[in-house]
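Chain by chain, the residues run as shown.
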Amino acid sequence: MEVFDALFGAFELPFMARALGVMLVLAVVAGVVGVLVNLRGLEFISDGLTHAVFPGLAIGLAVGGMQGVLPGAAIAALAAALVLTWLGRTAAVTDDAAIAIVLTATFSVGVIVVSRSNDYAGQLETLLFGRVLTIPPADLVPLIIVSLVALAAIVVTLKQQLFRAFDARGSRAAGDSAFRLDLVLNCAVALVVVAAASTVGTLLVLALLIMPGAVARLVTDRLWLLFPVAGGFAALAAWLGLATGYGVSVSGGIEVPAGATIVIVFVVGYALVLAVAWAAGRVRTAR
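- The name an unreviewed UniProt entry assigns to the protein chain is Metal ABC transporter permease, from the organism Agromyces protaetiae.
- In its Sequence similarities (unreviewed entry) section, UniProt records this for the protein chain: "Belongs to the ABC-3 integral membrane protein family."

What to know about the overall build of the protein chain
Now for step 1: Secondary structure assignment for the protein chain yields 13 helices and 0 strands.
Now for step 2: If you list the helices and strands of the protein chain from N to C, you get α-α-α-α-α-α-α-α-α-α-α-α-α.
Now for step 3: Per-residue burial for the protein chain yields a buried fraction of 47% across its 287 residues.
Now for step 4: Long-range contacts, defined here as pairs at least 24 residues apart, represent 76% of the contacts in the protein chain between residues at least 6 apart.

Let's talk about a nonpolar patch on the surface
Now for step 1: On the surface, Leu 13, Phe 15 and Leu 133 cluster together to form a nonpolar patch covering roughly 200 Å² of accessible area.
Now for step 2: Among the secondary structure elements, Leu 13 is positioned in the loop between helix H1 (2-7) and helix H2 (14-40).

Concerning the packing of helix H8 (residues 158-166) against helix H10 (residues 178-197)
Now for step 1: Contact geometry of H8 with H10 gives a least axis separation of 10 Å together with a crossing angle of 110°. The orientation of H8 with respect to H10, classified from their angle, is roughly perpendicular. In this structure, H8 contributes Gln 160, Gln 161 and Arg 164 to the contact, and H10 contributes Ala 178, Leu 181, Asp 182, Val 184 and Leu 185.
Now for step 2: Within the contact of H8 with H10, the residues separate by chemical class into 4 nonpolar, 2 polar and 2 charged.

Concerning the packing of H10 against helix H11 (residues 205-219)
For any two helices packed against each other, one specifies the inter-axial angle together with the distance between the axes.
Now for step 1: The interhelical angle for the contact between H10 and H11, taken along N-to-C directions, is 130°, at an axis separation of 8 Å. Relative to H11, the element H10 lies oblique. Facing Val 189, Val 192, Val 193, Ala 196 and Ala 197 of H10, the residues of H11 in contact are Val 205, Leu 208 and Leu 209.
Now for step 2: Grouping the constituent residues of the contact of H10 with H11 by class yields 8 nonpolar, no polar and no charged.

A look at the pattern of salt bridges
Now for step 1: Tallied over the entire structure, the rule returns 2 salt bridges.
Now for step 2: Here Asp 182 ties to Arg 40 by a salt bridge, and the two come within 3.0 Å at their closest N and O atoms. Of this pair, Asp 182 sits in helix H10 while Arg 40 sits in helix H2, placing them 142 residues apart in sequence.
Now for step 3: Judged by its relative accessible area of 11%, Asp 182 falls in the buried class.
Now for step 4: The closest approach of N and O atoms between Arg 164 and Asp 182, which form a salt bridge, is 2.9 Å. Placement of Arg 164 in helix H8 and of Asp 182 in helix H10 is noted, with a sequence separation of 18 residues between them. Grouping residues by exposure puts Arg 164 and Asp 182 together as buried.
Now for step 5: Among the charged side chains, a salt-bridge network with shared partners connects Arg 40, Arg 164 and Asp 182.

Observations regarding the nonpolar core
Note on soluble globular proteins: their nonpolar side chains tend to be buried together.
Now for step 1: Counting 75 residues, the largest nonpolar core has Met 23 and Leu 242 as the members making the most contacts within it.
Now for step 2: At 15 residues, H2 tops the list of elements feeding residues into this core.
Now for step 3: Setting aside chain neighbours within four positions, we find Met 23 in contact with Val 132, Thr 199, Val 200, Leu 208, Ala 238, Leu 242 and Ile 262.

Quick notes on the packing of aromatic side chains
Now for step 1: One pass over the full model with this rule turns up 2 aromatic pairs.
Now for step 2: Centroid distance Trp 224 to Phe 227: 6.3 Å. Interplanar angle 35°. Geometry classified as tilted.
Now for step 3: Residues Phe 233 and Phe 266 carry aromatic rings whose centres are separated by 5.8 Å and whose planes lie at 85° to one another, so their mutual orientation is edge-to-face. Highlighted residues: Phe 233 in helix H12 (residues 226-250) and Phe 266 in helix H13 (residues 258-286), separated in sequence by 33 residues. Of the two residues examined, Phe 233 and Phe 266, each falls in the buried class.

A few points about the side chain of Thr 199
Now for step 1: If you trace the backbone, Thr 199 turns up in the loop between H10 and H11.
Now for step 2: Looking at Thr 199, the relative accessible area reads 0%, which means it is buried.
Now for step 3: Polar side-chain contacts of Thr 199 include one of 3.1 Å to the backbone oxygen of Ala 195.
Now for step 4: The residues contacting Thr 199, other than those within four sequence positions of it, are Val 22, Met 23, Leu 26, Phe 129, Gly 130, Arg 131, Val 132, Ile 135 and Leu 143.

The rules behind each value
Residues numbered from 1 in each chain as written. Predicted model: local features only at pLDDT ≥ 70, side-chain atom pairs only at ≥ 80, totals over all residues. Heavy atoms only, no water. UniProt positions renumbered as here; feature names shortened; annotations may be inferred. Helix = DSSP H or I, 4+ residues; strand = E, 2+ residues; numbered from the N terminus. Buried < 20%, exposed > 50% of the residue type's maximum accessible area, 1.4 Å probe, protein only. Contact = heavy atoms within 4.5 Å. Patch = residues over 30% accessible without salt bridge, like charges linked within 9 Å, V, L, I, M, F, W, Y side chains within 5 Å. Areas by Shrake-Rupley, 256 points an atom, 1.4 Å probe, with all protein chains shown as cover. Salt bridge = Lys/Arg side-chain N within 4 Å of Asp/Glu carboxyl O. Axes fitted to C-alpha atoms, helices over the stretch in contact; angles between N-to-C directions. Parallel < 35°, antiparallel > 145°, perpendicular 65-115°, else oblique. Nonpolar A, V, L, I, M, F, W, Y, C, P; charged D, E, K, R; others polar. Core = buried A, V, L, I, M, F, W, Y, C linked by side-chain atoms within 4.5 Å. Phe/Tyr/Trp six-rings, centres within 6.5 Å; stacked < 30°, edge-to-face > 60°. Polar contact = N/O pair within 3.5 Å; in protein donor to acceptor, adjacent residues only side chain to side chain.

Next up, the structure:
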(Lines give C-alpha, C1' and ligand atoms only; values in the text may rest on other atoms or scores of the structure.)
Protein backbone atom coordinates (compact mmCIF):
# COMPACT_ATOMS: atom_id res chain seq x y z
CA MET A 1 0.00 0.00 0.00
CA GLU A 2 2.86 2.36 0.83
CA VAL A 3 4.46 1.56 -2.51
CA PHE A 4 1.19 2.33 -4.31
CA ASP A 5 0.88 5.66 -2.44
CA ALA A 6 4.43 6.61 -3.38
CA LEU A 7 4.01 5.69 -7.05
CA PHE A 8 0.55 7.20 -7.57
CA GLY A 9 -0.86 8.89 -4.48
CA ALA A 10 2.03 11.30 -4.18
CA PHE A 11 1.03 13.04 -7.39
CA GLU A 12 -2.32 14.07 -5.97
CA LEU A 13 -0.38 16.83 -4.21
CA PRO A 14 -0.26 19.98 -6.39
CA PHE A 15 3.49 20.51 -6.12
CA MET A 16 4.18 16.86 -6.99
CA ALA A 17 1.77 17.01 -9.93
CA ARG A 18 3.57 20.12 -11.26
CA ALA A 19 6.94 18.44 -10.87
CA LEU A 20 5.71 15.30 -12.65
CA GLY A 21 4.19 17.26 -15.53
CA VAL A 22 7.37 19.22 -16.19
CA MET A 23 9.66 16.23 -15.74
CA LEU A 24 7.67 13.96 -18.08
CA VAL A 25 7.75 16.53 -20.90
CA LEU A 26 11.38 17.39 -20.25
CA ALA A 27 12.47 13.77 -19.97
CA VAL A 28 10.85 12.73 -23.24
CA VAL A 29 12.31 15.73 -25.10
CA ALA A 30 15.74 15.20 -23.53
CA GLY A 31 15.58 11.53 -24.53
CA VAL A 32 14.82 12.35 -28.17
CA VAL A 33 17.48 15.08 -28.39
CA GLY A 34 19.90 12.85 -26.52
CA VAL A 35 19.70 10.17 -29.21
CA LEU A 36 21.16 12.63 -31.73
CA VAL A 37 23.75 13.77 -29.18
CA ASN A 38 24.76 10.11 -28.79
CA LEU A 39 24.82 9.41 -32.53
CA ARG A 40 26.93 12.51 -33.20
CA GLY A 41 29.23 12.02 -30.19
CA LEU A 42 28.44 15.50 -28.86
CA GLU A 43 28.47 14.68 -25.14
CA PHE A 44 31.31 17.15 -24.46
CA ILE A 45 29.45 19.95 -26.26
CA SER A 46 26.41 19.20 -24.11
CA ASP A 47 28.60 19.47 -21.03
CA GLY A 48 29.88 22.83 -22.26
CA LEU A 49 26.34 24.11 -22.76
CA THR A 50 25.30 23.07 -19.26
CA HIS A 51 28.06 25.24 -17.83
CA ALA A 52 27.32 28.06 -20.26
CA VAL A 53 23.77 28.28 -18.89
CA PHE A 54 25.06 28.97 -15.37
CA PRO A 55 25.86 32.70 -15.78
CA GLY A 56 22.47 33.26 -17.40
CA LEU A 57 20.81 31.62 -14.41
CA ALA A 58 22.89 33.71 -12.02
CA ILE A 59 22.33 37.02 -13.83
CA GLY A 60 18.63 36.33 -14.26
CA LEU A 61 18.33 35.54 -10.56
CA ALA A 62 20.24 38.68 -9.59
CA VAL A 63 18.21 40.96 -11.87
CA GLY A 64 14.70 39.52 -11.71
CA GLY A 65 14.67 37.03 -8.87
CA MET A 66 13.32 33.55 -9.59
CA GLN A 67 11.19 34.99 -12.43
CA GLY A 68 14.37 36.03 -14.21
CA VAL A 69 16.03 32.61 -14.09
CA LEU A 70 14.38 31.09 -17.16
CA PRO A 71 14.83 34.02 -19.59
CA GLY A 72 18.38 34.60 -18.36
CA ALA A 73 19.26 30.96 -18.89
CA ALA A 74 17.64 30.91 -22.34
CA ILE A 75 19.61 33.94 -23.54
CA ALA A 76 22.91 32.55 -22.21
CA ALA A 77 22.29 29.07 -23.63
CA LEU A 78 21.35 30.22 -27.12
CA ALA A 79 24.29 32.64 -27.22
CA ALA A 80 26.63 29.84 -26.14
CA ALA A 81 25.16 27.49 -28.77
CA LEU A 82 25.83 30.11 -31.47
CA VAL A 83 29.39 30.73 -30.25
CA LEU A 84 30.20 27.02 -29.98
CA THR A 85 28.80 26.31 -33.45
CA TRP A 86 30.77 29.20 -34.94
CA LEU A 87 34.01 28.30 -33.15
CA GLY A 88 33.56 24.67 -34.23
CA ARG A 89 33.61 25.85 -37.86
CA THR A 90 36.79 27.89 -37.37
CA ALA A 91 39.91 26.08 -38.49
CA ALA A 92 42.07 27.95 -35.95
CA VAL A 93 40.15 26.50 -32.98
CA THR A 94 39.51 22.78 -32.39
CA ASP A 95 36.11 21.66 -31.12
CA ASP A 96 37.47 20.58 -27.74
CA ALA A 97 39.36 23.85 -27.29
CA ALA A 98 36.25 25.88 -28.17
CA ILE A 99 34.15 23.95 -25.65
CA ALA A 100 36.80 24.34 -22.94
CA ILE A 101 37.02 28.09 -23.56
CA VAL A 102 33.26 28.60 -23.38
CA LEU A 103 32.86 26.24 -20.41
CA THR A 104 35.49 27.81 -18.18
CA ALA A 105 34.73 31.42 -19.10
CA THR A 106 30.98 31.22 -18.64
CA PHE A 107 31.04 29.17 -15.44
CA SER A 108 33.53 31.60 -13.89
CA VAL A 109 31.28 34.54 -14.75
CA GLY A 110 28.35 32.76 -13.13
CA VAL A 111 30.24 32.10 -9.91
CA ILE A 112 31.35 35.75 -9.73
CA VAL A 113 27.77 36.97 -10.20
CA VAL A 114 26.37 34.61 -7.58
CA SER A 115 29.15 35.47 -5.12
CA ARG A 116 27.96 39.11 -5.08
CA SER A 117 24.65 37.99 -3.58
CA ASN A 118 23.90 38.22 0.14
CA ASP A 119 22.58 34.64 0.05
CA TYR A 120 25.53 33.19 -1.84
CA ALA A 121 25.25 29.61 -0.50
CA GLY A 122 21.49 29.34 -0.86
CA GLN A 123 21.35 30.73 -4.38
CA LEU A 124 24.32 28.65 -5.53
CA GLU A 125 22.64 25.51 -4.21
CA THR A 126 19.41 26.35 -6.07
CA LEU A 127 21.24 26.89 -9.36
CA LEU A 128 23.44 23.80 -9.06
CA PHE A 129 20.90 21.31 -7.70
CA GLY A 130 17.59 22.61 -9.03
CA ARG A 131 14.14 23.17 -7.53
CA VAL A 132 11.91 20.58 -9.16
CA LEU A 133 9.54 20.35 -6.15
CA THR A 134 9.19 24.11 -5.76
CA ILE A 135 8.46 25.12 -9.36
CA PRO A 136 6.00 28.04 -9.20
CA PRO A 137 2.74 27.49 -11.13
CA ALA A 138 3.63 30.49 -13.32
CA ASP A 139 6.80 28.74 -14.51
CA LEU A 140 5.06 25.53 -15.53
CA VAL A 141 3.93 26.60 -19.00
CA PRO A 142 7.18 28.43 -19.94
CA LEU A 143 9.27 25.38 -19.02
CA ILE A 144 7.05 23.11 -21.10
CA ILE A 145 7.13 25.55 -24.04
CA VAL A 146 10.94 25.69 -23.94
CA SER A 147 11.07 21.89 -24.03
CA LEU A 148 8.57 21.62 -26.89
CA VAL A 149 10.43 24.24 -28.96
CA ALA A 150 13.55 22.08 -28.65
CA LEU A 151 11.56 19.03 -29.74
CA ALA A 152 10.03 20.88 -32.70
CA ALA A 153 13.47 22.00 -33.90
CA ILE A 154 14.64 18.37 -33.93
CA VAL A 155 11.48 16.96 -35.55
CA VAL A 156 11.60 19.49 -38.41
CA THR A 157 15.22 18.66 -39.26
CA LEU A 158 15.32 15.01 -38.15
CA LYS A 159 16.00 13.39 -41.54
CA GLN A 160 18.81 15.84 -42.29
CA GLN A 161 20.22 15.43 -38.77
CA LEU A 162 20.35 11.66 -39.16
CA PHE A 163 21.91 11.96 -42.62
CA ARG A 164 24.62 14.22 -41.19
CA ALA A 165 25.17 11.89 -38.22
CA PHE A 166 25.91 8.89 -40.45
CA ASP A 167 27.39 10.53 -43.55
CA ALA A 168 28.55 14.11 -43.06
CA ARG A 169 30.20 14.28 -46.48
CA GLY A 170 27.11 12.93 -48.23
CA SER A 171 24.93 15.40 -46.33
CA ARG A 172 27.00 18.31 -47.58
CA ALA A 173 26.95 16.92 -51.12
CA ALA A 174 23.14 16.75 -50.95
CA GLY A 175 23.05 20.48 -50.22
CA ASP A 176 22.47 20.40 -46.47
CA SER A 177 24.11 23.22 -44.54
CA ALA A 178 26.37 21.73 -41.87
CA PHE A 179 26.42 25.03 -39.97
CA ARG A 180 22.62 25.28 -39.94
CA LEU A 181 22.10 21.68 -38.83
CA ASP A 182 24.76 21.98 -36.12
CA LEU A 183 23.25 25.25 -34.93
CA VAL A 184 19.75 23.76 -34.77
CA LEU A 185 20.98 20.74 -32.79
CA ASN A 186 23.10 22.85 -30.44
CA CYS A 187 20.17 25.21 -29.84
CA ALA A 188 17.89 22.24 -29.11
CA VAL A 189 20.43 20.92 -26.62
CA ALA A 190 20.71 24.41 -25.13
CA LEU A 191 16.94 24.68 -24.64
CA VAL A 192 16.81 21.26 -22.98
CA VAL A 193 19.63 22.38 -20.71
CA VAL A 194 17.68 25.54 -19.84
CA ALA A 195 14.58 23.61 -18.82
CA ALA A 196 16.58 20.95 -17.00
CA ALA A 197 18.77 23.48 -15.18
CA SER A 198 15.63 25.12 -13.83
CA THR A 199 14.40 21.78 -12.47
CA VAL A 200 17.19 19.30 -11.64
CA GLY A 201 20.03 21.86 -11.62
CA THR A 202 23.04 22.48 -13.84
CA LEU A 203 25.18 19.73 -12.28
CA LEU A 204 22.67 16.99 -13.09
CA VAL A 205 21.50 18.01 -16.56
CA LEU A 206 23.81 15.66 -18.45
CA ALA A 207 22.08 12.59 -17.03
CA LEU A 208 18.83 13.56 -18.75
CA LEU A 209 20.58 14.18 -22.05
CA ILE A 210 23.06 11.32 -22.20
CA MET A 211 21.61 8.26 -20.47
CA PRO A 212 18.33 7.77 -22.40
CA GLY A 213 20.17 7.73 -25.72
CA ALA A 214 22.78 5.35 -24.32
CA VAL A 215 20.04 3.03 -23.05
CA ALA A 216 18.29 3.10 -26.43
CA ARG A 217 21.54 2.11 -28.19
CA LEU A 218 21.79 -0.91 -25.85
CA VAL A 219 18.18 -1.95 -26.40
CA THR A 220 17.80 -1.72 -30.18
CA ASP A 221 19.78 -1.42 -33.41
CA ARG A 222 16.79 -0.08 -35.34
CA LEU A 223 17.28 3.59 -35.99
CA TRP A 224 13.71 4.82 -35.67
CA LEU A 225 13.13 2.78 -32.52
CA LEU A 226 15.92 4.65 -30.75
CA PHE A 227 13.75 7.72 -30.20
CA PRO A 228 10.66 6.10 -28.59
CA VAL A 229 12.86 3.82 -26.48
CA ALA A 230 14.92 6.78 -25.21
CA GLY A 231 11.83 8.89 -24.55
CA GLY A 232 10.02 6.03 -22.81
CA PHE A 233 12.98 5.20 -20.59
CA ALA A 234 13.43 8.86 -19.65
CA ALA A 235 9.75 9.32 -18.79
CA LEU A 236 9.68 6.14 -16.69
CA ALA A 237 12.88 7.07 -14.85
CA ALA A 238 11.60 10.59 -14.13
CA TRP A 239 8.33 9.25 -12.70
CA LEU A 240 10.07 6.60 -10.60
CA GLY A 241 12.66 9.12 -9.44
CA LEU A 242 10.05 11.55 -8.16
CA ALA A 243 8.04 8.75 -6.55
CA THR A 244 11.15 7.26 -4.92
CA GLY A 245 12.21 10.62 -3.52
CA TYR A 246 8.74 11.19 -2.09
CA GLY A 247 8.58 7.71 -0.59
CA VAL A 248 12.02 7.95 1.03
CA SER A 249 11.31 11.42 2.41
CA VAL A 250 7.80 10.72 3.74
CA SER A 251 7.87 7.04 4.70
CA GLY A 252 11.55 6.73 5.50
CA GLY A 253 11.92 10.10 7.18
CA ILE A 254 15.08 10.81 5.18
CA GLU A 255 15.07 14.09 3.30
CA VAL A 256 16.66 13.63 -0.13
CA PRO A 257 16.98 16.14 -3.01
CA ALA A 258 14.39 15.32 -5.67
CA GLY A 259 16.66 16.18 -8.60
CA ALA A 260 19.46 13.95 -7.35
CA THR A 261 17.00 11.12 -6.72
CA ILE A 262 15.74 11.34 -10.30
CA VAL A 263 19.29 11.18 -11.64
CA ILE A 264 20.13 8.18 -9.43
CA VAL A 265 17.15 6.33 -10.92
CA PHE A 266 18.45 7.20 -14.41
CA VAL A 267 21.86 5.75 -13.45
CA VAL A 268 20.37 2.61 -11.88
CA GLY A 269 18.13 2.10 -14.92
CA TYR A 270 21.10 2.42 -17.26
CA ALA A 271 23.12 -0.02 -15.13
CA LEU A 272 20.29 -2.59 -15.21
CA VAL A 273 19.89 -2.33 -18.98
CA LEU A 274 23.66 -2.58 -19.42
CA ALA A 275 23.77 -5.71 -17.25
CA VAL A 276 20.93 -7.33 -19.20
CA ALA A 277 22.57 -6.45 -22.53
CA TRP A 278 25.88 -7.89 -21.32
CA ALA A 279 24.20 -11.09 -20.15
CA ALA A 280 22.30 -11.43 -23.43
CA GLY A 281 25.56 -10.97 -25.33
CA ARG A 282 27.23 -13.71 -23.27
CA VAL A 283 24.34 -16.09 -24.00
CA ARG A 284 24.54 -15.40 -27.75
CA THR A 285 28.31 -15.96 -27.67
CA ALA A 286 27.93 -19.25 -25.79
CA ARG A 287 25.53 -20.52 -28.46
